[in-house]
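# Structure at a glance
This is what each chain is made of:
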Amino acid sequence: MNFKIHPLPTGRQALGAKEKLITMTLNGGISVIGAGTMGNGIAHVFAQRGFKVTLIDISQEQLDKAVITIGKNLDRMVAKEIIRKELKQETLDNITTNTSIADGVKNAELVVEAATENVDLKLKIFQQVDEAAPSGCILATNTSSISITKIAAITKRPELVIGMHFMNPVPVMKLVEIITNPANKKETTDTIVELSKTLGKVPCVVNDFPGFISNRILMPMINEAIYSLHEGVAGVEEIDTIMKLGMAHPMGPLQLADLIGLDVCLSIMNVLYDGFGNPKYTPCPLLVEMVKEGKLGVKTGEGFYVHASGSKELMVSSRFK
Ligand SMILES: NC(=O)c1ccc[n+]([C@@H]2O[C@H](COP(=O)([O-])OP(=O)(O)OC[C@H]3O[C@@H](n4cnc5c(N)ncnc54)[C@H](O)[C@@H]3O)[C@@H](O)[C@H]2O)c1
């Protein structure tokens, strides 16, 4: 493994008022696989800290969209004086895009996979990455729920495979849930912990169990909120308002489900259901139905709410009025 921990050269990343000190960099690059909701955020935070990032997706359109999103998010940070103006271009200059995994990971020191939450797809991607990435390269996955041990076992380097679970939206959320697998070398975990701190995040290390900690606790709550709606106990606004004002949650569970993506919520519930074999994790039929209909939340423009592009106003979908 070629990771080196050392201070960045003076001036490479002169700090803005609210930026944190950088303590670690890599000699090689970071490759991020998947340029969707999470992939663009992960590429953003690494590139903003001065790392060279290759963002990889099967879809060139998705890659182009991701770079535009990163630019817009950086604009917002400049406007709020979170970062200095020049850092926008410096960050974008640190990102290149690629539609080939084999080409995109060949010089990587760390790969962070953030492709669609589907076990067969992830296993296929990790096989490809394992073949193409340099031998010491750490392979991390941003999966919300799929077994890290299972993903590690498909590679020839299980000691270097780890879960690096960022939260949505990545540039804003502080937590990185780090999931070890029984074959991990301690250095792998230590490196990812250090790297997370370098990104200004707070790492929490947990063991590999279905849903880890975050989604084992969060998803049954979201699923229960959807059941409550499905059974007519209350409407969308009432459910979210009760959880916001009564439990001091910053956003209601249905709004959060829209933000996460209903397809992601459904696949996590399925992993919990299969992993624990307990009927209490049965996904709500309404969730299943909405995913079938392509009503996935923010990413498709409609879920429990309608999400008009560029508007922050929350409008309950006409289906639930
Ligand atoms: N959405 C969330 O709030 C959230 C939070 C934490 C973790 N996650 C996890 O992050 C991962 C990505 O989720 P997302 O919400 O960004 O999904 P998304 O649907 O927004 O994006 C997935 C991307 O993966 C790409 N992709 C599919 N197959 C690919 C392949 N073979 N090679 C390269 N790219 C491929 C798709 O084109 C798409 O751009 C999932 O594992 C999910 O569980 C999601």
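Everything numeric here is computed off the predicted structure, so don't read it as measured data. (Residues numbered from 1 in each chain as written. Predicted model: local features only at pLDDT ≥ 70, side-chain atom pairs only at ≥ 80, totals over all residues.)

A word on the overall build of the chain. When helices and strands are tallied, the chain shows 12 helices and 10 strands. Computed over its C-alpha atoms, the radius of gyration of the chain comes to 20 Å, within 12% of the 20 Å expected for a compact globule of 321 residues. Judged by the C-alpha coordinates and their principal axes, the chain covers about 60 × 45 × 35 Å. Considering only contacts within the chain whose residues lie at least 6 apart along the sequence, 65% involve residues at least 24 apart. (Helix = DSSP H or I, 4+ residues; strand = E, 2+ residues; numbered from the N terminus. Rg over C-alpha atoms; globule rule 2.2 N^0.38 Å. Contact = placed C-beta atoms within 7 Å.)

Further remarks concern the site of the ligand. For the ligand, the set of nearby residues contains 27 residues, the closest of which are Gly34, Gly36, Met38, Ser144 and Asn168. Secondary-structure elements contributing two or more residues to the shell around the ligand are α1 (37–48) and α5 (119–132). Top element by residues in the shell around the ligand is α1. It accounts for three residues. Class assignment for the residues of the shell around the ligand results in 11 nonpolar, 13 polar and three charged. When residues of the shell around the ligand are sorted by domain, at least three fall in each of domain 1 (29–206) and domain 2 (214–320). (Near = placed C-beta within 6 Å. Nonpolar A, V, L, I, M, F, W, Y, C, P; charged D, E, K, R; others polar. Domains from an automatic or database assignment.)

Moving on, we get to the domain arrangement of the chain. On domain assignment, one finds that the chain holds domain 1 (29–206) and domain 2 (214–320). Computed from C-alpha atoms alone, the centre-to-centre distance between domain 1 and domain 2 is 26 Å. Counting from both sides, the interface comprises nine residues of domain 1 and, opposite them, 10 residues of domain 2. Here the side of domain 1 that touches domain 2 is composed, by residue class, of one nonpolar, six polar and two charged.

Once that is clear, we can look at the nonpolar core. Among the nonpolar cores identified, the biggest contains 82 residues, and Val32, Ile42, Ala43, Val111, Leu139 and Cys265 are the most heavily contacted of them. Sorting elements by how many residues they give to this core places helix α11 (residues 262–276) first, with eight residues. When residues of this core are sorted by domain, at least three fall in each of domain 1 (29–206) and domain 2 (214–320). Those residues in contact with Val111, other than ones at most four positions away along the chain, are Ser31, Ile33, Val105, Val129, Ala133, Cys137, Leu139 and Ala140. (Core = buried A, V, L, I, M, F, W, Y, C linked by C-beta atoms within 7 Å. Buried ≥ 20, exposed ≤ 12 C-beta atoms within 10 Å, placed from the backbone.)

Turning our eyes to something else, we now look at the packing of α11 against helix α12 (residues 285–292). Between α11 and α12, whose axes approach to 9 Å, the crossing angle comes to 135 degrees. With respect to α12, the element α11 is oriented oblique. Between α11 and α12 the crossing geometry is left-handed. Of the residues in α12, those touching α11 at Leu262, Asp263, Cys265 and Leu266 are Leu287, Val288, Met290 and Val291. Class assignment of the residues belonging to the contact of α11 with α12 gives a composition of seven nonpolar, no polar and one charged. (Axes fitted to C-alpha atoms, helices over the stretch in contact; angles between N-to-C directions. Parallel < 35°, antiparallel > 145°, perpendicular 65-115°, else oblique. Left-handed = near helix turned anticlockwise from the far one by under 90°.)

What follows covers the pairing of strand β7 (residues 175–179). Among the five residues in β7, four count as buried, and that is most of the element. As paired strands, strand β6 (residues 161–166) and β7 are joined by four bridges and run antiparallel to one another. Paired with Met164 across the bridge in β7 is Ile178. Sheet topology note: the β7/strand β8 (residues 202–206) ladder contains five bridges and is parallel. Bridging from a neighbouring strand, Glu177 pairs with Cys204 of β8. Remark: the β7/helix α7 (residues 186–198)/β8 crossover connection has right-handed handedness. (Pairing = 2+ DSSP bridges. Right-handed = clockwise from strand over helix to strand, strands pointing away.)

This next bit is on the sheet that holds strand β2 (residues 53–56). Read across the sheet, eight strands follow the order β3-β2-β1-β4-β5-β6-β7-β8 without closing on themselves; strand pairing throughout is mixed. Of all strands in the sheet, those bounded by a partner on one side alone are β3 (95–98) and β8. Each adjacent strand pair in this sheet contributes to an overall mean axis angle of 25 degrees, direction not counted. Sheet topology note: the β2/β3 ladder contains four bridges and is parallel. When the sheet's bridge partners are listed, Leu55 is paired in β3 with Thr97.

Between helix α2 (residues 60–79) and helix α3 (residues 86–93), the least distance of the axes is 9 Å, while the angle of their chain directions is 155 degrees. Looking at the two axes, α2 sits roughly antiparallel to α3. Here α2 and α3 pass one another in a crossing that is right-handed. Listed contacts from α3 to Ile70, Gly71, Leu74, Asp75 and Val78 of α2 are Lys88, Thr91 and Leu92. Considering only residue class, the contact of α2 with α3 consists of four nonpolar, two polar and two charged.

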